[in-house]
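What follows is the residue order along each chain.
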Amino acid sequence: MPELPEVETVRRTLEPVVVGQTIERCEIYYERVLPHARSSEFCGSVANRTITGVGRRGKYLIFALDRELDLVVHLRMTGQLIYQPTRELPLPKHVSARFWFLDNGELRFVDQRKFGTIYLVARDDYSEIHGLYTLGPEPLSSEFIWKVLAAGVQSMRAIKAVLLDQTKIAGLGNIYADEVLHRAGIHPLKPGCLLTESEIKILHKSIVSVLNEAIACHGTTIRDYRTGSGDTGNFQNQLQVYRQTGKPCGKCGVLIERIKAGGRSTHFCPRCQRWDPECTD
DNA sequence: CGGACAACCTGGTTGC
DNA sequence: TGCAACCAGGTTGTCC
């Protein structure tokens, strides 16, 4: 579920309410939420630590704890990280973990499909978290200039598959890869290495603008995604192609089509995103 | 290298 | 209404 805009929204909504809070204790309800630790040792390490900051890299949320520890969370498909100001009961279904704060409320990790994961590592040492360790450039950082994208895109693979590859660029998922390609007017199956310089520049602009607009809308709620306050996002109302199969394209009116690319459902406008495999361009 | 696919889970939707 | 098949925002691993 959550891609960069959703994770960034969770970060922004949690930061003001959890920074400065001390974790009194935590409880793990689904053991496999901790791929690298047992709940007993994890909870022991986390107890009595204070959260000093909330960061993000790609789709990873990183809670900085005092004494040089990082608590890293990946929400995968259906994970929700929600701050509850009061210790209310009953608990919703599918709670993977709870963190109780000394003074106020608790942080709940709710995850219907149970794919979400939590790690505890030494500050900035991500060598044990493969996906984070191998993560590509951060698209909203100042280092992400079009030439960085151009280098990442040099592949025979379909550009859609390249955009989903977190080692090439961090944070895009199925929704925003489709939206970005539509805005850039690029066919999702076109091999990345065949993109022209002007196409890469347009793609670069589209990535930055789509992500920023989605963040401004607090992300896209298809079903499960919630902000750190438990609210839905709004960008689902702005989607141009994702899950819009059979609806008219907002630019040209031609009906949106759905295909498979990179093993995922892919939505595009056959007029705005043309590519002829026989043509050299 | 890349592509296809299964696995990890639960639950909603679709079609018969 | 019942039930099976298929689908889902992500990532990892295996096999070819």
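See the structure shown above.
Undergrad: Just to check I follow, could you spell out a positive patch on the surface for this structure?
TA: The grouping of Arg223, Arg243, Arg258, Lys260 and Arg264 at the surface amounts to a positive patch. Residue placement: Arg264 occurs in strand β10 (residues 264-268). The exposure class assigned to Arg264 is partly exposed, which follows from its relative accessible area of 35%.

Undergrad: Is there a simple way to explain the packing of helix α1 (residues 4-18) against helix α7 (residues 197-216) in this structure?
TA: How two helices sit against one another is set out by the angle between their axes and by the gap between those axes. Taken N-terminus to C-terminus, the directions of α1 and α7 make an angle of 40°; their axes are 9 Å apart at the nearest point. By the criterion of interaxial angle, the relationship of α1 to α7 is oblique. Judged by the sense of rotation from one axis to the other, the crossing of α1 with α7 is right-handed. Between α1 and α7, the residues in contact are Leu4, Pro5, Glu8, Thr9 and Arg12 and Leu211, Ala214 and Ile215, respectively. Tallied by class, the residues present in the contact of α1 with α7 amount to 5 nonpolar, 1 polar and 2 charged.

Undergrad: Explain the protein's contact with DNA strand B here, please?
TA: Neighbouring DNA strand B are the residues Tyr30, Arg32, Lys93, His94, Gln112, Arg113, Lys114, Phe115, Ser155, Arg157 and Arg223. Among the atoms of DNA strand B lying within 4 Å of the protein, the sugar-phosphate backbone contributes 74%. Measuring from a phosphate oxygen of DNA strand B, one finds a side-chain N or O atom of His94 at 2.8 Å. Lys114 is positioned such that a nitrogen or oxygen atom in its side chain is 3.2 Å from a phosphate oxygen of DNA strand B. Residues that form the surface near DNA strand B fall into these classes: 2 nonpolar, 3 polar and 6 charged.

Undergrad: Just checking my understanding: could you explain helix α6 (residues 174-184) for this structure?
TA: Turn by turn, an α-helix covers 3.6 residues, leaving residues three or four places apart pointing in a common direction. For α6, the tally of buried residues reaches 10 of 11 residues, placing the bulk of the element in the interior. Among the residues of α6, those classed as buried are Asn174, Ile175, Tyr176, Ala177, Asp178, Glu179, Val180, Leu181, His182 and Ala184. Where α6 is buried, its residues touch α1, α5 (159-164), α7 and β10.

Undergrad: Sorry, what's going on with unusual backbone geometry here?
TA: Trans peptide bonds make up the majority, and among non-glycine residues the majority have a negative phi. With a phi close to 45°, Arg76 is a non-glycine residue in the positive phi region. Positionally, Arg76 belongs in the loop between β4 (69-74) and β5 (79-84). What makes Arg76 partly exposed here is its relative accessible area of 37%. One non-glycine residue, Asp124, lies in the positive phi region at around 65°. Note that Asp124 resides in the loop between β8 (117-122) and α3 (130-133).

What counts, and at which threshold
Residues numbered from 1 in each chain as written. Chains lettered and ligands numbered in written order. Predicted model: local features only at pLDDT ≥ 70, side-chain atom pairs only at ≥ 80, totals over all residues. Heavy atoms only, no water. Patch = residues over 30% accessible without salt bridge, like charges linked within 9 Å, V, L, I, M, F, W, Y side chains within 5 Å. Areas by Shrake-Rupley, 256 points an atom, 1.4 Å probe, with all protein chains shown as cover. Salt bridge = Lys/Arg side-chain N within 4 Å of Asp/Glu carboxyl O. Lys, Arg positive; Asp, Glu negative; His and termini not counted. Charge placed at Lys NZ, Arg CZ, Asp CG, Glu CD. Helix = DSSP H or I, 4+ residues; strand = E, 2+ residues; numbered from the N terminus. Buried < 20%, exposed > 50% of the residue type's maximum accessible area, 1.4 Å probe, protein only. Axes fitted to C-alpha atoms, helices over the stretch in contact; angles between N-to-C directions. Parallel < 35°, antiparallel > 145°, perpendicular 65-115°, else oblique. Left-handed = near helix turned anticlockwise from the far one by under 90°. Contact = heavy atoms within 4.5 Å. Nonpolar A, V, L, I, M, F, W, Y, C, P; charged D, E, K, R; others polar. Near = heavy atom within 4 Å. Polar contact = N/O pair within 3.5 Å; in protein donor to acceptor, adjacent residues only side chain to side chain.

That is the geometry; function is a separate question.
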